[in-house]
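# Structural description and commentary
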Amino acid sequence: TVYDGNESQNFFIPEFGYNRMLDARMSLGVSVYGNGGMNTDYDKPFPLFGQTRPGVDLSQMFIAPTFAYKVTPEHALGVSLNLAWQRFKSYGLENFTAPSGPQQFSAYPANVTNNGYDDSYGYGFRIGYLGQFSPMFALGLTYQSKTWITELDKYKGLFAEQGGMDIPANYGIGIAVTPMAGLTLAFDVVRIEYSGIKSVNNPLLPNLFQARLGTDGGAGFGWQDVTAYKLGVQYAINPQWTVRGGYNYGKQPIPQSETFFNFLAPGVVEDHWTLGATWTLANKSELSFAFMYAPSVTVNGVNSIPPAFGGGNIDLKMSEMSFGLAYGWKF
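It should be emphasised that the depicted structure is a prediction, and the values quoted were computed from it without experimental measurement.

### Details of the nonpolar core
Core analysis: the biggest nonpolar cluster contains 43 residues, and Phe 49, Phe 88, Phe 96, Phe 159, Phe 260 and Phe 261 have the highest contact counts within it. Listing elements by their share of this core, those giving two or more residues are strand 3 (55–72), strand 13 (286–300) and strand 14 (315–328). Here the element with the most residues in this core is strand 13; it accounts for four residues.

### Observations concerning the layout of surface pockets
Summary: where empty space remains is shown by rolling a probe the size of a single water molecule over the atoms. Empty space within the second largest pocket amounts to approximately 560 Å³. Per-element accounting of the lining of the second largest pocket gives the leading share, five residues, to strand 1 (residues 16–21). For the lining of the second largest pocket, the residue count by class is nine nonpolar, seven polar and two charged.

### Topic: unusual backbone geometry
A cis amide bond links Leu 205 with the next residue in sequence, Pro 206, at an omega value of 0°. Examined against the element boundaries, Pro 206 turns out to sit in the loop between helix 2 (198–201) and helix 3 (207–210). Backbone geometry places Glu 161, a non-glycine residue, at a positive phi of 60°. Here Glu 161 is to be found in helix 1 (residues 160–163). A positive phi angle is found at Lys 284, which is not glycine, with a value near 70°. Among the secondary structure elements, Lys 284 is positioned in the loop between strand 12 (271–280) and strand 13.

### Structural notes on the packing of aromatic side chains
For the structure shown, the criterion picks out 29 aromatic pairs. Ring geometry for Phe 49 versus Phe 96: centroids 5.8 Å apart, planes at 65°, classification edge-to-face. In this pair, Phe 49 sits in the loop between strand 2 (26–41) and strand 3 while Phe 96 sits in the loop between strand 4 (75–91) and strand 5 (118–134), placing the two residues 47 residues apart along the sequence. Since its relative accessible area comes to 3%, Phe 96 is described here as buried. When the ring of Phe 125 is compared with that of Tyr 143, the centres are 6.1 Å apart and the planes differ by 55°; the resulting orientation is tilted. Placement of the pair is Phe 125 in strand 5 and Tyr 143 in strand 6 (residues 137–144), with a sequence separation of 18 residues. On the accessibility criterion, Tyr 143 (32% relative accessible area) is partly exposed. One residue, Lys 156, lies across the ring of Tyr 108, its end atom 4.8 Å from the ring centre.

### Focus on the pattern of salt bridges
Summed over all chains, the structure comprises three salt bridges. The salt bridge partner of Arg 53 is Asp 41, with a shortest N-O separation of 2.9 Å. Remark: Asp 41 occurs in strand 2 and Arg 53 occurs in the loop between strand 2 and strand 3; sequence separation between them is 12 residues. For Asp 41, a relative accessible area of 11% corresponds to the buried category.

### Overview of empty space enclosed by the protein
On inspection of all chains with the given rule, the structure shows one cavity of 30 Å³ or more. Within this model, the largest cavity holds a volume of roughly 80 Å³. Each residue belonging to the lining of the largest cavity can be placed in one class, and the counts come to 10 nonpolar, two polar and no charged.

### Focus: the side chain of Gln 86
Among the secondary structure elements, Gln 86 is positioned in strand 4. Gln 86 sits in the buried class, given a relative accessible area of 0%. Side-chain polar atoms of Gln 86 contact the side chain of Gln 60, separated by 3.0 Å. Here Met 165 takes part through its backbone oxygen, which lies 3.0 Å from a polar atom of the side chain of Gln 86. Excluding residues that lie within four positions of it along the chain, Gln 86 makes contacts with Leu 58, Ser 59, Gln 60, Asp 118, Asp 119, Ser 120, Ile 149, Leu 152 and Met 165.

### Section: the side chain of Ser 80
Counting through the fold element by element, Ser 80 comes out in strand 4. The buried category is assigned to Ser 80, whose relative accessible area is 11%. Not counting chain neighbours up to four residues away, the residues in contact with Ser 80 comprise Ala 64, Pro 65, Thr 66, Gly 124, Phe 125 and Arg 126.

### Some remarks on the environment of Ala 76
Inspection of the secondary structure assignment puts Ala 76 in strand 4. Spatially, the C-alpha atoms of Ala 76 and Leu 130 are 5.3 Å apart, while their sequence positions differ by 54 residues. Discounting residues that sit within four places of it in the chain, Ala 76 has contacts with Tyr 69, Lys 70, Val 71, Gly 128, Tyr 129 and Leu 130.

### Structural notes on the pairing of strand 8 (residues 170–180)
Sheet faces and side chains relate simply in a regular strand, where the side chains alternate between the two faces. Both strand 6 and strand 8 contribute to a ladder of eight bridges, which runs antiparallel. Within strand 8, the residue paired with Thr 142 across the bridge is Gly 172. With nine bridges joining them, strand 8 and strand 9 (residues 183–192) adopt antiparallel strand pairing. Bridge assignment links Tyr 171 to a residue of strand 9, and that residue is Arg 191. In sequence, strand 8 turns back onto strand 9 through a hairpin of two residues, with Gly 182 there showing a positive phi of about 90°.

Cut-offs and rules
- For every chain, the first residue of its written sequence is number 1, and the numbers climb from 1 along that sequence.
- Local features in a predicted model are, by the rule used here, given only for residues with pLDDT of at least 70; side-chain atom pairs are given and counted only at 80 or more, and totals for whole chains, interfaces and linings are based on all residues.
- The basis for the side-chain values is all heavy atoms of the structure; hydrogens and waters are excluded.
- Among buried residues, those of type Ala, Val, Leu, Ile, Met, Phe, Trp, Tyr and Cys that are joined through side-chain atoms within 4.5 Å constitute a nonpolar core.
- Exposure classes here rest on a 1.4 Å probe applied to the protein chains alone. A residue is buried below 20% of its type maximum, exposed above 50%, and partly exposed in between.
- Strands are runs of DSSP state E lasting at least two residues, helices are runs of H or I lasting at least four, and both sets are numbered from the N terminus onward.
- A 1.4 Å probe that fits but cannot get out identifies a cavity on a 1 Å grid over protein atoms alone, an open set with protein on both sides within 12 Å along at least five of seven lines counts as a pocket, and a residue lines either if it has an atom within 4 Å of a point.
- Grid points are joined across faces, edges and corners, and a volume is the space filled by probe spheres set on the points.
- Classification used: nonpolar for Ala, Val, Leu, Ile, Met, Phe, Trp, Tyr, Cys and Pro, charged for Asp, Glu, Lys and Arg, polar for all others including Gly.
- In this scheme Phe, Tyr and Trp rings, the latter by its six-membered ring, pair at centre separations within 6.5 Å, and the angle between planes marks the pair as stacked below 30 degrees, edge-to-face above 60, and tilted otherwise.
- For a Lys NZ or an Arg CZ to count as sitting over a ring, it must be within 6 Å of the ring centre and within 35 degrees of the ring normal.
- Should a side-chain nitrogen of Lys or Arg be within 4 Å of a carboxyl oxygen of Asp or Glu, the pair is scored as a salt bridge.
- N or O atoms closer than or at 3.5 Å make up a polar contact, with two conditions inside protein: a donor-capable atom paired with an acceptor-capable one, and, for residues adjacent in sequence, both atoms drawn from side chains.
- Only heavy atoms enter the contact rule, under which two residues are in contact if any of them lie within 4.5 Å.
- Criterion used throughout: strands pair if DSSP finds at least two bridges between them.

And the structure:
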């Protein structure tokens, strides 16, 4: 049977940024942006989960005040305070809400599904370094801490650690090479530590039958850490037009044995292709465009449905596209 989780197809993600030089060496700014999320909205009930159409909606937003300082004209340091907000809801998971007996999978059966949106808030930090070692070569380093977020109380019976859904730490290194005027080539490597978030990293089995959902050892989505490799090119055609292209690869985080729960969160795309451009207007304001395409990836389950649910496998398939539009201006 094929289940289509794409009933909700279009998602709008606003973002905003402001930066001001305090003097020749120091700057202060703020960025507001969507950090990520996941949405599935299935076209029909999935009998292994419940009697109504299943789905989830997770959105995350960062507000990041940032201070940067030029130690020398060629070397700069920056630090951001990451203030985070997220909201979540799940529905159609009635089979995990039994209040007692051998089918009581959750420690908090009333807090698993169909409770509407719940909001949580938290904080973390990011530090970074950028060094211009020659006119042709620059190096950057970045580290973002885990973002510690309050529990999703309405869903403390679904996520491990009583509704814990912290945002994982990540760190990376990047280089930029300018072989000729107007042309920049960039390469980054970034590591995302899903293993530090129990609700995301805990495996389905044997956890589902050894620790109830919502406890510290409750079943999660089994996501593994991801290393992403990014390659980009930018070329200034003339003072008015700059064009860009890029490629990002990160092996999808879901093992073949973990496709059962990830029916709700099939984040399996691996290749991301991007194109973009900036048009500088006469008043020195800028209009930028960006397009991303992630081709379809299929993960075939291997013994992924527990025998207590009938056994068998779930296969996951996903692709993505996005389009971005931004306007910027200098005061």
